[in-house]
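Read off the chains here:
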Amino acid sequence: MSPILELHGLTCTYGSLTAVDHVDLTVRPGERHALIGPNGAGKSTLFAAVAGTLPASDGRVMFAGRDVTALPEPERARRGLVRTYQHSSLFLDCSVLDNVALAVQRRHRVAYRFDRPARRFRRTGAEALRHLDAVGLAGRAEEKAAALSHGERRQLEVAMVLATGPGLVMFDEPTAGMSAAETERFVTLMGDLPDDLTVLIVEHDLDVVFRLAGHVTVLHLGRVLASGPPERIRADEAVQRAYLGSARTEDVFIDAGESP
Amino acid sequence: MGTYLVGALNGLAMGSLLFAIALGLSLVFGMMDVLNLAHGAVYLLGAYVAVALLPDGVGLGVFVLAVLAAAAAGAVLGGALAAMTRAIPHHLDQALLTLGVALVVAELLSLVFGNDVHSIAAPAAVGGGVAVFGGTYPVYRLLVIGFGIVLAVAVYLLVERSRLGTVIRATVADRAMVAALGVNTGRVLAGVFAAGAALAAVGGVLAGPILGAQPGLDEKVLLLALVVVVIGGLGSIRGALLGALLIGQVQALGTTLLPQYASFLIFAAMALVLLLRPAGLLPPRTAVRA
Amino acid sequence: MRAGPTRTGTSRDDAPVPPPAKSGIGEAGDRPVSRRAVLLAAAATVLPAAAPLLLGPYPVSTLTRMLAFAVLVLSVDLLTGVTGLPTLGQAAYFGAGAYTAVLVGVHVTADAAVQVLAGLLAGLAAAVVTGWVAVRARGIVFLMLTLAIGESVHQISDTWSALGGSNGLSGMPPISLFGGPSLLAAGFVYWWVLAVAIAVYAAVALVARSPYGRTLRGIRDNEPRMRALGYRTAAARYGVFCLAGAVAGVGGALWAAQARFVSPGDLSFEVAALALLSVVIGGKGSLWGPCLGAALVLLVRDNLSASLGGHGPLLLGLVFIAVVFLMPRGLAGVLGARRRRGSGGPP
């Protein structure tokens, strides 16, 4: 099967700092691909460069067989390459329904219509409500997004990103700041995603990573340190060194990996 | 040929004044994202200080006194603006506040000085002309050009060579980081706000013998200063200098060649720069934004 | 298997359907209206319409000006309140509409409908030509650019001899309607301006509640997120800028219909500032609040100014400062909060 996302020598530099250094990466359709690495490994920068939020300094981003390196972020999103943000990024002064409807109406090509009130576009409204229902937020459609809890905002974000009709979704640390119960609900939600959806996920909670991912890539100092199935990554010595050598807070990796 | 060279000199004088005025506007915006819409009113305050203190044919000493008085008045107003804007969280509300202050100050000035057009004489000692390019050119305008040069050098030394300047540049680049390093940004910001306003008021006095003083002048000057800042790059000192020199020339040449379209030329210059260099000609060096 | 970007092939626009009796997915405002709201709406329609029967010509012409100014304020609200783009440049498009209407009135026809249409097109055209400069920025820089555009247009009108320079254009004949006789009585002009203003209000309200309005609110709340959702936000902002220019142009034409005169003062910085002040006083994003603000602001400037020794702007400046400090959400915010408290709803 041909890959849905390919990075060829992707590089991002800020002045003299190279945050992402000639990264090659291949993601196949339907894959659950996790990107992990210690703080400062360049995960967020890589995400931003793939989504088009940041320009790449060098290298190519291929999506669905097409070179999208030169395309701005909205054009990549229109082709089905969408991202979420590390901190919930919602439309807080709009209703919960509006948040999802914004994603739906763009796809329905009615986002620029002003000849009728929005509620008269019933197919858009119904589809938005369906997406809300899928994440368990249908009951709160009329409330302002600002009224949602942290965990609920994450759920709304998932509904929003799925409503864009994506081919590949990139989640940037989706469980950051969640309680254990919220994390559990989120993992269930991810497990229920359609099988044909490709997911690229940056995640600090390695327990979550090893439960969800079918393929793990480890980034260290802007380079790919290792890439493969979870079992192989757990056993990889270079990976463990990178984690142990960088920060005490990453000790959790040892627990999750049950090192020999 | 002589006409054009005289025009160019006029443009240089105008550029010097615009640099003095736009500098504060640009720094205040670059350092704290405050758009000070009262900047034109501060300028007008300076011009009316000149009206009040400078009857015809005064000596240089009195003129310098007027400059100092205007600087003090401008600094006080700038300090007050800094204090008021700090009390408000949103940038739009801050701009609206300065807009309110601009209306109040302009109205108070017209209450005191009336709505007439006041002209201000240059100090007697420099009121004459010198022979330049086969014509005579006012000595006073040459002095204004000299002032512009001195100001540019002084600002360069202050900003590039002093510790205070380092703080100012760093604050433009990344305010949160400077605050995190333990620098009292509040005091620096208030100081820059006051100093910028003082310079604008001084600009009002210096421009007095050229532009006079009248209601509505504050808006024209605010517009010119805004265009200078946009063209040069928000928060950039070198940009303000370049923008001021450019707009000075455009203004002077426009008035010589196409008086009806001078304001259109200025807008066209701004549109052109924004089209080619959206961040301005010399944007400030910013920190890495991840 | 979906290997690539997905696309919904069948998505054509929904056919217009009659509004459901109770739609579960409407906005908050779609809830069944209370009897009090109906009464309020009726009063808000009948009282202004009856004004010429109850008041003398001078107050009626004051009301006419308020309505024309309210249309300008609506255009500012469309940008500032709905889209989150604070503007100080709308007076330029207001002026474009007013100058065009006077020129049409003097040289072409006294028909007020033609003048309004010409004003609309002039405002739209001016916004199309200048808007792309403004929409390159957002937030405070947008404010800066619109101010620069507005002041430039103001100074062009002040120096261009074809537009009468600083004297402006006068000698516009009284308006007529649909080939009828000249409308000399202030009351008839008022009714015409009222009708157009209501139509504009309805149109702006429709835009605000449409999918495009939702797009604009999304841009206001979180533009980077809109880009990540696949929106070309610059185009959306340019679109609303042009719409707002057209609305302001209509306002200018209505202003000219009453004054039968236009001068550079009508598109000065002060007019733009007062329009923005009206939106801030009334409450950003609400539509009726800013209209109320427009009436208040014009009342202070034109009617109370004389009793303040001609220094209404001083009072307005102080009001400006007070509003920013004391009620950042405006009249609509204050009244809305009280109503919500009264009905025991969430704060």
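Residue numbers restart at each chain and count upward from 1, following the sequence in its written direction. Chain letters and ligand numbers both follow the written order, the letters beginning at A and the numbers at 1. Residues qualify for local features only when their pLDDT is at least 70, as the model is predicted, and side-chain atom pairs are given and counted only at 80 or more; totals for whole chains, interfaces and linings, by contrast, use all residues.

Caption draft 1: Highlighting the overall build of chain B. Numbered from the N terminus, helices here are DSSP runs of H or I no shorter than four residues, and strands are runs of E no shorter than two. Each helix and strand counted, chain B has 11 helices and two strands in total. For chain B, the sequential pattern of α-helices and β-strands runs α-α-α-α-β-β-α-α-α-α-α-α-α. In terms of overall dimensions, chain B has a C-alpha envelope of 60 × 40 × 35 Å along the principal axes. Here a residue counts as buried when 20 or more other C-beta atoms fall within 10 Å of its C-beta, as exposed when 12 or fewer do, and as partly exposed in between; the C-beta atoms come from the backbone. Scored against the burial criterion, the 290 residues of chain B give a buried share of 52%. Taking contacts inside chain B between residues at least 6 apart in sequence as the whole, the part at least 24 apart equals 77%. Two residues qualify as being in contact provided that their C-beta atoms, derived from the backbone, are within 7 Å of each other.

Caption draft 2: Spatial organisation of the sheet that holds strand β7 (residues 168-172) of chain A. All names here are of chain A. Strands were regarded as paired on the criterion that DSSP finds at least two bridges between them. Overall, mixed pairing links the six strands, which are arranged β6-β7-β8-β3-β9-β10 in an open sheet. Edge positions in the sheet fall to β6 (81-83) and β10 (223-228), since each of these pairs with one other strand and no more. Taken pair by pair, the neighbouring strands of this sheet meet at an average axis angle of 20°, ignoring direction. Pairing geometry for β6 and β7, over three bridges, is parallel. Counted as the bridge partner of R83 is M170 from β7. Note on method: axes are straight lines fitted to C-alpha atoms, helices fitted across the in-contact stretch only, with angles between N-to-C directions ranging 0 to 180 degrees.

Caption draft 3: Quick peek at the confidence of the model for chain A. Every residue gets a pLDDT, meaning the predictor's confidence in that residue, from 0 to 100. For chain A, per-residue confidence averages 85 on the pLDDT scale, and 93% of positions sit at 70 or higher. The secondary structure element of chain A with the lowest average pLDDT is helix α10 (residues 252-257) of chain A, at 44, and the one with the highest is helix α3 (residues 96-107) of chain A, at 92.

Caption draft 4: Geometry of the pairing of strand β2 (residues 135-138) of chain B. Judged from the four bridges that link them, strand β1 (residues 129-132) of chain B and β2 of chain B form a sheet pairing that is antiparallel. Counterpart to A131 of chain B in the pairing with β2 of chain B is T136 of chain B.

Caption draft 5: Summary view of the domain arrangement of chain A. Residue and element names in this part refer to chain A. Residue ranges labeled as domains rest on an automatic or database domain assignment. For chain A, the domain assignment lists domain 1 (1-80 + 166-260) and domain 2 (91-165). Between domain 1 and domain 2, the contact holds 12 residues from the first and 10 residues from the second. Each residue receives one of three labels: charged for Asp, Glu, Lys and Arg, nonpolar for Ala, Val, Leu, Ile, Met, Phe, Trp, Tyr, Cys and Pro, and polar for the others, Gly being one of them. In terms of residue class, the side of domain 1 that touches domain 2 is made up of seven nonpolar, three polar and two charged.

Caption draft 6: Helix α7 (residues 211-228) of chain C, seen in detail. Residues and elements named next belong to chain C. Over its 18 residues, α7 extends only 18 Å from the first C-alpha to the last, a length that falls short of the 26 Å expected when each residue adds 1.5 Å. A bend of about 120° at N222 is the largest found in α7, and the proline P224 appears one to four places after it. Of all 18 residues making up α7, 16 are buried, and the element is well covered by its neighbours. To estimate the expected span of a helix, subtract one from its residue number and multiply by 1.5 Å. The angle separating two fitted axes, one through the seven residues that finish at a residue and one through the seven that start at it, defines the bend at that residue.

Caption draft 7: Broad picture of the packing of helix α6 (residues 163-173) of chain B against helix α8 (residues 185-211) of chain B. Residue and element names in this part refer to chain B. Across the interface, α6 lies against α8 with an axial gap of 11 Å and an inter-helix angle of 100°. By the angle between their directions, the pair α6 and α8 is classed as roughly perpendicular. Along its contact with α6, which presents V167, I168 and T171, the element α8 presents T185, V188 and V192. Among the residues forming the contact of α6 with α8, the class breakdown is four nonpolar, two polar and no charged. Convention used here: angles under 35 degrees read as roughly parallel, angles over 145 as roughly antiparallel, angles from 65 to 115 as roughly perpendicular, and any remaining angle as oblique.

Caption draft 8: Quick peek at the sheet that holds strand β1 (residues 5-14) of chain A. All names here are of chain A. Reading across from one edge, β2-β1-β4-β5 is the order of the four strands in this open sheet, with antiparallel pairing throughout. Edge strands, defined here as strands with exactly one partner in the open sheet, are β2 (17-27) and β5 (66-67). Bridge count between β1 and strand β4 (residues 58-63): five bridges; the pairing is antiparallel. Note on β4: the bridge partner recorded for L7 is V61. Packing against the sheet, helix α1 (residues 43-51) makes contact with β1, β2 and β4, and its axis sits at approximately 65° to β2.

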